[in-house]
Amino acid sequence: MKCSTQFRIGAIQGHKGIARPGVVDEYMQEMAGIHFGQMGNDDVKMHEEDKQAFIISRMTVEMYKDIPTESVIDAFTWVSEGKAANFPRNYELQLDGEVAARGLAAWALVDLEKGRLVRYSDSDFGKGIEEEMVALGIREKFKVPKDVEFTYVDDIKVQYWQTDINEHMNNVRYVDPLWCAIPKISKRRTKAFAIYYKHELAYGDTAKVMVSQAYPCDIKFNPELEGLIDNNYSPETDEIFYVNIVGEDGIRTQSMWIVSKVE
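Read on for an overview of the structure. (Residues numbered from 1 in each chain as written. Predicted model: local features only at pLDDT ≥ 70, side-chain atom pairs only at ≥ 80, totals over all residues. Heavy atoms only, no water.)

Considering the overall build of the protein
Then step 1. On a plain count of helices and strands, the protein comes out with three helices and 14 strands.
Then step 2. Expected size for 263 residues packed as a compact globule is a radius of gyration near 18 Å; at 18 Å, the protein falls within 12% of this value.
Then step 3. With respect to the principal axes defined by its C-alpha atoms, the protein has extents near 55 × 45 × 35 Å.
Then step 4. Counting over 263 residues, the protein shows a buried share of 50%.
Then step 5. Within the protein, contacts between residues at least 6 apart in sequence are counted, and of these 74% link residues at least 24 apart. (Helix = DSSP H or I, 4+ residues; strand = E, 2+ residues; numbered from the N terminus. Rg over C-alpha atoms; globule rule 2.2 N^0.38 Å. Buried < 20%, exposed > 50% of the residue type's maximum accessible area, 1.4 Å probe, protein only. Contact = heavy atoms within 4.5 Å.)

Section: a negative patch on the surface
Then step 1. A surface patch of like charges, here negative, comprises Asp42, Asp43, Glu48 and Glu49.
Then step 2. Summarising the element assignment, Glu48 is placed in helix α2 (residues 43-48). (Patch = residues over 30% accessible without salt bridge, like charges linked within 9 Å, V, L, I, M, F, W, Y side chains within 5 Å. Areas by Shrake-Rupley, 256 points an atom, 1.4 Å probe, with all protein chains shown as cover. Salt bridge = Lys/Arg side-chain N within 4 Å of Asp/Glu carboxyl O. Lys, Arg positive; Asp, Glu negative; His and termini not counted. Charge placed at Lys NZ, Arg CZ, Asp CG, Glu CD.)

Here's the deal with the side chain of Ser80
Then step 1. Residue placement: Ser80 occurs in the loop between β5 (72-79) and β6 (87-95).
Then step 2. By relative accessible area, which is 3% here, Ser80 ends up buried.
Then step 3. A polar atom in the side chain of Ser80 sits 2.7 Å from the backbone oxygen of Glu131.
Then step 4. Here Met133 takes part through its backbone nitrogen, which lies 3.5 Å from a polar atom of the side chain of Ser80.
Then step 5. Beyond its immediate sequence surroundings of up to four residues, Ser80 is in contact with Pro88, Asn90, Tyr120, Glu130, Glu131, Glu132 and Met133. (Polar contact = N/O pair within 3.5 Å; in protein donor to acceptor, adjacent residues only side chain to side chain.)

Some thoughts on the pairing of strand β7 (residues 98-111)
Along a regular strand, successive side chains alternate from one face of the sheet to the other.
Then step 1. Across the 14 residues that make up β7, a large majority, 13, are buried.
Then step 2. Judged from the eleven bridges that link them, strand β4 (residues 52-63) and β7 form a sheet pairing that is antiparallel. Residue pairing across strands places Glu62 opposite Arg102, the latter belonging to β7.
Then step 3. Here β6 runs beside β7; their pairing, made up of nine bridges, is antiparallel. Within β7, the residue paired with Phe87 across the bridge is Trp107.
Then step 4. Hairpin geometry of β6 and β7 is characterised by an intervening segment of two residues between the two adjacent antiparallel strands and by a positive phi of about 55° at Asp96.
Then step 5. In this sheet, strand β8 (residues 116-118) lies alongside β7 in antiparallel orientation, the contact comprising three bridges. From the neighbouring strand, Leu109 faces β8, where its bridge partner is Val118.
Then step 6. Counted along the chain from β7 to the antiparallel partner β8, the turn is four residues long, and its residue Gly115 has a positive phi close to 65°. (Pairing = 2+ DSSP bridges.)

With respect to the pattern of salt bridges
Then step 1. A full pass over the atoms with the stated rule returns eleven salt bridges.
Then step 2. Its salt-bridge partner being Lys65, residue Glu98 comes within 3.2 Å of it at the nearest N-O pair. With a gap of 33 residues between them, Glu98 in strand β7 and Lys65 in the loop between β4 and β5 connect regions that are remote in the sequence.
Then step 3. On the basis of relative accessibility, which here comes to 42%, the residue Glu98 falls in the partly exposed class.
Then step 4. Take Lys65: its relative accessible area is 35%, and that puts it in the partly exposed class.
Then step 5. Here Asp249 and Arg252 are joined by a salt bridge, their closest N and O atoms 3.0 Å apart.
Then step 6. Taking the relative accessible area as the measure of exposure, Arg252 reaches 11% and is therefore buried.
Then step 7. Through salt bridges with shared partners, one network takes in Asp205, Asp249 and Arg252.

Read these as spatial facts, not as claims about activity.
Here you go:
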């Protein structure tokens, strides 16, 4: 069962008249919250009474078309059958009836009292309404090259307004600082990003944003999408950057970004 609604992209949600990657991600996760409620769930009750909470471990987003500010988008989300402790969630944003962006998230359900993950097979969440997993142009998982060298960009400090019900930095708040770390980002078009949320940042924590050198984009585009979406990736036109958020005890978040080259 798919959940759908419409959103208007506000003027302050864009850069140079185009919705930022962080805004695209925000609306995808907003859809997840709407669907969660329509399924009869309450995240506060789940946290306070059931002693459970959903956390995200991976998020992959592809942006096939620019979404102008002041435009209206149709947003969709649905769940798919999971494995082990993975509760997959799918996302799609449409502009004027055409696919503008897609996303796929790996969510996990945490038993807060026992301090462990709940297996998909042991939960009733999403059972009976699963649909086919969304098709993306890139593989969901990425590997950071062994020869990578990271350069310091900036510090971030988690403020209270950035946190979720667990007082951890909300997953959507990571996107903007990661995106802004890419060199000459103002001259590039962002085509896709994938984020691994390895360890949470809590309220008051500080961390460093680190960016890699550029790599040619050698990702083979999923042939399943040929003809449907004109967003093929090429080493001639696109580059890959890896951006990490690093705390005192190691990497908290890893990400990969596919962006256009700067001439």
